[in-house]
Amino acid sequence: METGKTGKYLKYAIGEIILVVIGILIALSINNWQQEKQNIKLEQRYIKDLVNDLKKDSVNLHILYIDAVLSANAKDSIYKVFHQPEYQLDSLPAYFKLQWNPYKIFSPSTSTIDEMKSSSDLEVIRNDAQRKQIVSIYYKYELFLQDENLYREATREIFATAKSGLKNIQKPTSDEIKLLLQDQRLENTIRTNFAKGRVKSIANIADECNSLLKVLGKK
């Protein structure tokens, strides 16, 4: 009799344990489901915000590209004056000003990616390729801004020379500029001011931005 009762109690205890384990598993499953649901909503919100940030970047890069093309084309025209002082260029003052005139500085919109990094939420982007592309574009922005600093340094050198050699830096005459362009240091600075490379650099980073924008915009 005692053995029979013990067996019944043992079966009852095992049954209770199984029920508890099943309950725990169900609770964990529900919790995981809820967490996944929250992560999906968070991912959607981040992607929406990233798209808005990238749209702003795309517009600003387009404006930057137009300015860069103008500066690069102006540089081509100034080349002709270097070795042909007699060359008549009515727009020389305007073209010369484009070599040093303060230009728009690209400031990428990073509020969303900064929030994702500070909250350790990068992993909520479930698509590995997209997550890597998101991280990549902001890393490339940093490299791009380093290149922009090099160009800015070159324009500062041109500005310093222009300011010391022109009576009115805002309204210089063609003759004043031609005389100034005989300065070998100025010629070298203009030749190596990265204006041409900057056009390509801006175009490349704009393509990267628009490519990611196109991918995220589909979600």
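Keep in mind it's a predicted model, so treat the numbers as computed, not measured.

Q: How should I be thinking about the overall build of the chain in this particular structure?
A: Per the secondary structure count, the chain includes 7 helices and 0 strands. Of the regular secondary structure in the chain, the N- to C-terminal order runs α-α-α-α-α-α-α. Burial statistics for the chain: of 219 residues in total, 34% are counted as buried. The long-range share in the chain, meaning contacts at least 24 apart out of those at least 6 apart in sequence, stands at 83%.

Q: I tried to follow the nonpolar core on my own but got confused; where do I start?
A: For soluble globular proteins, the rule of thumb is that nonpolar side chains tend to be buried together. Leu54, Leu61, Ile134, Tyr138, Tyr141 and Leu216 are the most contacted members of the largest nonpolar core, which totals 30 residues. Looking at this core, the elements with two or more residues in it are helix H1 (2-83), helix H3 (111-118), helix H4 (128-165) and helix H7 (195-217). Apart from residues no more than four positions distant in its own chain, Leu61 is found in contact with Phe106, Phe144, Ile202, Ile205, Ala206 and Cys209. Counting 15 residues, the second largest nonpolar core, distinct from the first, contains Phe82, Ile158, Leu166 and Ile177.

Q: Help me understand the environment of Phe159, please; the structure alone is not making it clear to me.
A: Here Phe159 shows up in helix H4. Exposure remark for Phe159: the relative accessible area of 31% places this residue in the partly exposed category. Residues Phe159 and Lys97 lie 62 residues apart in sequence; the distance between their C-alpha atoms is 8.8 Å. Setting aside anything within four residues of it in sequence, one finds Phe159 in contact with Trp100 and Ile169.

Q: What am I meant to see in unusual backbone geometry here?
A: Most peptide bonds are trans, and most residues other than glycine sit at a negative phi. At Ser120, a position not held by glycine, the phi torsion is positive, near 55°. Tracing the backbone shows Ser120 in the loop between H3 and H4.

Q: Even after reading the chapter, I still don't get the packing of H4 against H7, so can you show me in this structure?
A: Helix packing for two helices is described by the angle between their axes and how far apart those axes are. Axis separation between H4 and H7 bottoms out at 10 Å; the angle between their running directions is 160°. The angle between H4 and H7 places the two elements in the roughly antiparallel class. When you trace H4 past H7, the crossing you get is left-handed. Contacts between H4 and H7 involve Gln130, Gln133, Ile134, Ile137, Lys140, Tyr141, Phe144, Asp147, Glu148 and Tyr151 on the former and, on the latter, Ala195, Arg198, Ser201, Ile202, Ile205, Glu208, Cys209, Ser211, Leu212, Val215 and Leu216. Taken together, the residues of the contact of H4 with H7 break down into 12 nonpolar, 4 polar and 5 charged.

Calculation criteria
Residues numbered from 1 in each chain as written. Predicted model: local features only at pLDDT ≥ 70, side-chain atom pairs only at ≥ 80, totals over all residues. Heavy atoms only, no water. Helix = DSSP H or I, 4+ residues; strand = E, 2+ residues; numbered from the N terminus. Buried < 20%, exposed > 50% of the residue type's maximum accessible area, 1.4 Å probe, protein only. Contact = heavy atoms within 4.5 Å. Core = buried A, V, L, I, M, F, W, Y, C linked by side-chain atoms within 4.5 Å. Axes fitted to C-alpha atoms, helices over the stretch in contact; angles between N-to-C directions. Parallel < 35°, antiparallel > 145°, perpendicular 65-115°, else oblique. Left-handed = near helix turned anticlockwise from the far one by under 90°. Nonpolar A, V, L, I, M, F, W, Y, C, P; charged D, E, K, R; others polar.

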